[in-house]
Amino acid sequence: MKWSELFTSSVGKKWIMGLTGIFLILFLVVHVGLNACIFAMDGGVMFNKAAHFMGSNAVPRILEIGLFAGILLHMIQGWSLEMSNRAARKKGYAVAMGSKGSKWYSRSMGLLGTLLFLFLVMHISHFWVPSRITGLDPVRIEGKEYHNLYGEMLQVFQGNLAVVILYVLGCLALAWHLLHGFQSAFRTLGLTNGRYILLVESAGVLFSVLIPLAFALMPVSMYMGWIK
Amino acid sequence: MQHYTMNLTLKVWRQKNAGDNGHFETYPVKDISSEMSFLEMIDVLNEQLIKDGKEPIAFDHDCREGICGMCSMYINGRPHGPWQQNTTCQLHMRAYQDGDTIVVEPWRANAFPVIKDLMVDRSAFDRIIQAGGYISVNTGNAVDANATPIEKDKADEAFAAAACIGCGACVAACKNSSAMLFVGAKVSHLALLPQGSPERKNRALNMVTQMDKEGFGACTNTGACEAVCPKGISIENIARLNREYMMAGLTEDK
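Summarised in this report is the structure supplied together with it.

Parameters at a glance
Residues numbered from 1 in each chain as written. Chains lettered and ligands numbered in written order. Predicted model: local features only at pLDDT ≥ 70, side-chain atom pairs only at ≥ 80, totals over all residues. Heavy atoms only, no water. Contact = heavy atoms within 4.5 Å. Salt bridge = Lys/Arg side-chain N within 4 Å of Asp/Glu carboxyl O. Polar contact = N/O pair within 3.5 Å; in protein donor to acceptor, adjacent residues only side chain to side chain. Helix = DSSP H or I, 4+ residues; strand = E, 2+ residues; numbered from the N terminus. Nonpolar A, V, L, I, M, F, W, Y, C, P; charged D, E, K, R; others polar. Phe/Tyr/Trp six-rings, centres within 6.5 Å; stacked < 30°, edge-to-face > 60°. Lys NZ or Arg CZ within 6 Å of the ring centre and 35° of its normal. Buried < 20%, exposed > 50% of the residue type's maximum accessible area, 1.4 Å probe, protein only.

1. As for the interface of chain B and chain A
And step 1. Listed per partner, the contact involves 53 residues of chain B and 38 residues of chain A.
And step 2. Joining chain B to chain A, the criterion identifies one salt bridge.
And step 3. Here Glu82(A) ties to Lys175(B) by a salt bridge, and the two come within 3.9 Å at their closest N and O atoms.
And step 4. On the surface where chain B and chain A come into contact, there are 28 residue pairs in polar contact (both at pLDDT 80 or more).
And step 5. Those elements that provide at least two residues to the side of chain B that touches chain A are β4 (78-79), β5 (101-105), α4 (169-173), α6 (200-213), α7 (224-228) and α8 (236-251) of chain B.
And step 6. If you tally residues by element for the side of chain B that touches chain A, the top one is α8(B), at 10 residues.
And step 7. When the residues that make up the side of chain B that touches chain A are grouped by side-chain class, the tally is 28 nonpolar, 14 polar and 11 charged.

Here's what the structure looks like:
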């Protein structure tokens, strides 16, 4: 079988969704871990240093290219699958099946993914664009100059209730997307062993709750002034 | 449970032929026994229609004992009606109360075009089976049943997958009109047995290729198929198909 045939078949496309999905899940771990440096209560010193490392070291910069490629592939493939799946039933039912047998969020991955895309547009314009393209204010830490990404966070979130709410909604969309996506990715990759399924499902629920919660706490904490 | 009779309102999809646009027709049905099967209730309605000089409702049915996979009605928003692990022919009218309105639709999927009224063309499933859902053996005397030893667990798993009657409820229930539960069951039941192993790789590749050609959607693991399957085929079979297909696709050169 040719590579092109393999990855354009329905199962092959789902494998790409699963693999990119797991890659993005791994990225979330890195992202939430680095961002958690704001909770060091040191006026953003640790966070700015971490952000500086991510921006100046070659390894994360190369991985960043992979990250954007992964997001794009996951998005484009996701939309393309959503469209072709919808088109597989031209005439629908008068009485919808609804939630008789499946969870609403498992049927709404396309919608949740689109909401996440909209969130990403806002999120990238808030932080990635200033730190990589338009520039950030400098801050001196221990005599060395750093980009003040921490200051940018304060500026985006403090006093901007609307933005904080949008970020919390983004985290909610992420939670629902992960709640189905985490375990679904492993099933797509062929996991059938009962022991592992139980492990993946439990880990998936924990991950889907804890990671978005940790992310949501960041703008909320900044808005409420919990972080010094 | 006490026997009772009921009067119902039926909204049934009527479509003259594949080219017709089709529409819902409302019929009152009277004095239906709670002991009747759903199809017997439709029989009663059809006799009334014939008496009135109208065209009876066309619908698929054969064994009427829940094992052939011919009956195929989408009843009040669920394939095979409200009961779990049940076919339409085994749905009994005690599931309903006097005065209920029941909406009956055909399976909906591009790959299952309506032939007439509630009958759909499910030959797409036959073509998927023809693509690889078999084992090639020399004909002759039947082989001794215990000639090939098979672990009990594997035999049970293969048997559970082989229980699929190919009714198509999985496709009808799936938001993507995906046939992955059907194909997963067919691939699994042979992949789990030694007899299926010589053609294992090509089977998975060819059956998925045919499935895609027929216009079924891709699987998003929502689980709706498993929930409506009259034979309780596990969604685990889909994961196994994903694995079988990829392992074959990554290693087969042709």
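2. Thoughts on the packing of aromatic side chains
Between two aromatic rings, the relevant description is the distance of the centres plus the angle of the planes.
And step 1. Counted according to the given criterion, the structure contains 18 aromatic pairs over all chains.
And step 2. Among the aromatic residues, those joined into a cluster by ring pairs are Phe119(A), Phe127(A), Phe157(A) and Tyr167(A).
And step 3. The ring of Trp13(B) is capped by Arg108(B), whose NZ or CZ atom sits 4.4 Å from the centre of that ring.

3. Some details on the environment of Asp212(B)
And step 1. Within the secondary structure, Asp212(B) sits in helix α6.
And step 2. The partly exposed category is assigned to Asp212(B), whose relative accessible area is 26%.
And step 3. In this structure, the C-alpha to C-alpha distance between Asp212(B) and Ser37(B), residues 175 residues apart in sequence, is 36 Å.
And step 4. Residue contacts for Asp212(B): discarding those within four places in its chain leaves Ser9(A) and Ser10(A).
And step 5. Among the polar contacts listed, one links the side chain of Asp212(B) to the side chain of Ser10(A), at a separation of 2.7 Å.

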